[in-house]
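Coordinate analysis (summary)
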Amino acid sequence: MAAEDLPSEFDVVILGTGLAESVVAAAFSRVGQRVLHVDRRSYYAANWASFTFNGLLTWIQKQHEEESQPEEPQDWSSLVEEGEELIHLSNSDSSSISNVQVFCYTSEEEEEEEVEEKCLNTTEEERGGVDEVAVKETSETECAEPKEEMTEEADGTADREEEASHTEGQEPEADQPAPSAAQSQSVPTKKKISYAQLVKEGRRFNIDLVSKLMYSRGSLVDLLIKSNVSRYAEFKNVTRILTYRNGSVEQVPCSRADVFANRQLSVVEKRKLMRFLTSCVEETEEQQAYRGRPYLEFLRDQQLGDNLQHFLLHSIAMVTEDTPTEEGLASTRHFLRCLGRYGNTPFLFPVYGLGEIPQCFCRMCAVFGGIYCLRHSITCLLLDKDSNRCKAVIDSKGQRISCSHFVMEDGYVGADRKKLATPTRLISRAVLITDSSVLLSDSDQQVSMVTVPPIAAGCPAVRMVELCSSTMTCMPGTYLVHLTCQSVGSAYEDLSPVVTKMFRTAESPEQENCPSVLWCLYFNVTDGSGLEVEGYDLPSNVYVCSGPDAALGHDHAIKQAESIFQKILPDEDFCPPAPNPEDIIYDGDNPSSSTGEETEGAGEEAEGAGEEAEGAGEEEKQQESLQTEE
């Protein structure tokens, strides 16, 4: 909606389109609240966003521009009435991103021979891929138009972005060896993909700023099913869990079938592992005796060998050696509960990237009357001094908008209003575009979760997610690799040692049997779980959402959204199921009497059928509610 058309009064105004804010917006709109949802950015999802390759280059450029050119706050004191106080919000959203570094390891330009050969050898599969992209572009135009406009702007600045990326990082290497042939699903040659090709095929990429997976029995999946928002997205199973150990990548046996099919474990180890996993399902007195003691000590006392200890600690529980036993066991149980619901691993990943999830909730909000404005912001709050409540806000156009409640992203809170606490925690992130998988297999369409224990003393444990082209996040013939860890130093300092050990780059040309890195990005982002949003010096009806946290799942954001909703509307259901479009009766519809009689009869039949189906189990109903691709 155009900013000039905005109504002057809302129940809830929400600033920022991250996951927590989008869930809050959908929840309020669903129960009939009047919602205005705005974001100063040109795209949805804030630090949860997904970008095309060209769009990511534009985002990188903007990070440097905002660091060097802070905006001056505007003076809206003329809009303040008697008994009111003006509270200015922060006008820069770049503070949550730092230490951005870009490296390109492939040739800058595409060779003439490659262009001719590609034209002559275009396969039917490539043409099908183009059709799929065209379908996605149409979908984006209908439900995420701001994202489309952002990518069009990015296309016009690709040359400038290319120069910026090379200035920031390593100069391109033009004469590196060709990649392995094992991963190419539709490119028949072994020639290295050039930087020019990445830019040309940039719209096939959907690169997430945050790297997470969805636990099949986690809070996000449960909410998607309960609210019926899951119908707006599709999901793929994570097909395997891997770990880096003794200089090589191994597959982790996590289900009964995996355990008995594994060739690296002896028969005795397989029996011990199955016995241990079975004993973990319920808490025992022996487990309680280790409360407060390290989980690794508990595993050692179970007479488990080094192999099993490594798998259980780093890849199943995904904890550190110092983690208390009760936390380690809780993580192991959660992992086991999620197994088998939708596939052979506990995890799902949304097709087209994680940035789709906030947009799905935004769509639900819009369906129930929420109003959206991108490239639009709230600059000031108007505080009623007597009640200490925010009675109105002033937007970036100078319009005064009354509201009962205000919800905003943490980055908009001014430094003078934030609670003094411990230094902000950071997350280190790396995004790689590679030419093959870290572990080759019969299929080149694997979606892999990889755990990398600390490679040296003082180094953090690293979590890696490797995505193939069938997730619609990268072009055919490439893989998109996300690395994440808690920050010790800068993202480059934390993650480049892992990259040079597991991949072939200019710094590690000796890694001949490893995937080659074509392009990579390092950056740090603020850890949302480390922010104390409670206790800010803000009006009593103003609520703050923090950004992404370092955990693999989405529990932090979902719990935060539900907590805000319950504080404002404690008697309402949080995100109740939305009706299917075909079940909605619009004003003016006048069904005939015969239709009414048929409906009445159908209702009686449905009632009987409902009683019969009641015992069929909620599990089957929920499994059908998520569209997963094998």
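On a predicted model such as this, the values are computed, not experimentally measured, just so you know.

The rules behind these values
- Residues numbered from 1 in each chain as written.
- Predicted model: local features only at pLDDT ≥ 70, side-chain atom pairs only at ≥ 80, totals over all residues.
- Heavy atoms only, no water.
- Core = buried A, V, L, I, M, F, W, Y, C linked by side-chain atoms within 4.5 Å.
- Buried < 20%, exposed > 50% of the residue type's maximum accessible area, 1.4 Å probe, protein only.
- Helix = DSSP H or I, 4+ residues; strand = E, 2+ residues; numbered from the N terminus.
- Contact = heavy atoms within 4.5 Å.
- Phe/Tyr/Trp six-rings, centres within 6.5 Å; stacked < 30°, edge-to-face > 60°.
- Expected span 1.5 Å × (residues − 1).
- Pairing = 2+ DSSP bridges.

So, on to the nonpolar core. With 120 residues, the main nonpolar core has F53, W59, F361, W519 and L521 as its most contacted residues. Per-element accounting of this core gives the leading share, eight residues, to helix α1 (residues 19-30). Among all residues touching W519, those that are not within four sequence positions of it are F53, L56, L57, I60, V102, F103, C104, Y195, L198, V431, L432 and I433.

Moving on to the packing of aromatic side chains. Going through the model one piece at a time under the given rule, you end up with 18 aromatic pairs. Taking the centre distance of 5.2 Å and the plane angle of 40° together, the rings of F28 and F565 count as tilted. On the criterion of sequence distance, the pair formed by F28 in helix α1 and F565 in helix α17 (residues 555-568) is long-range, its members being 537 residues apart. Residue F565 is classed as buried on the basis of its relative accessible area, which comes to 0%.

Taking 1.5 Å per residue as the helical rise, α1 with its twelve residues ought to reach 16 Å, and the 16 Å between its terminal C-alpha atoms agrees with that figure. The element α1 is largely enclosed, with a buried count of twelve among its twelve residues. Looking at α1, one finds that the buried residues are L19, A20, E21, S22, V23, V24, A25, A26, A27, F28, S29 and R30. A positive backbone phi angle near 95° is found at G32, which sits one or two residues after α1.

With phi around 75°, Y352 is a residue other than glycine that occupies positive phi space. Take Y352: it is sitting in the loop between β11 (347-350) and α15 (356-367). Residues other than glycine seldom take positive phi values, yet M472 does so here, at roughly 60°. Counting through the fold element by element, M472 comes out in the loop between β18 (462-467) and β19 (479-486). Exposure remark for M472: the relative accessible area of 14% places this residue in the buried category.

A regular strand places its side chains on the two faces of the sheet in alternate fashion. Along strand β17 (residues 448-452), five of the five residues are buried, which leaves the element largely enclosed by surrounding structure. Because side chains alternate across β17, one face comprises the buried residues S448, V450 and V452, and the other comprises M449 and T451, equally buried. As judged from the four bridges shared by strand β9 (residues 240-245) and β17, these two strands associate in the parallel manner. Residue T243 lies in a different strand from β17, and its bridge partner there is T451. Two strands pair when backbone bridges link them, and β17 and β18 are joined in this way by five bridges, in the antiparallel orientation. Bridging across to β18, M449 finds its partner in V465.

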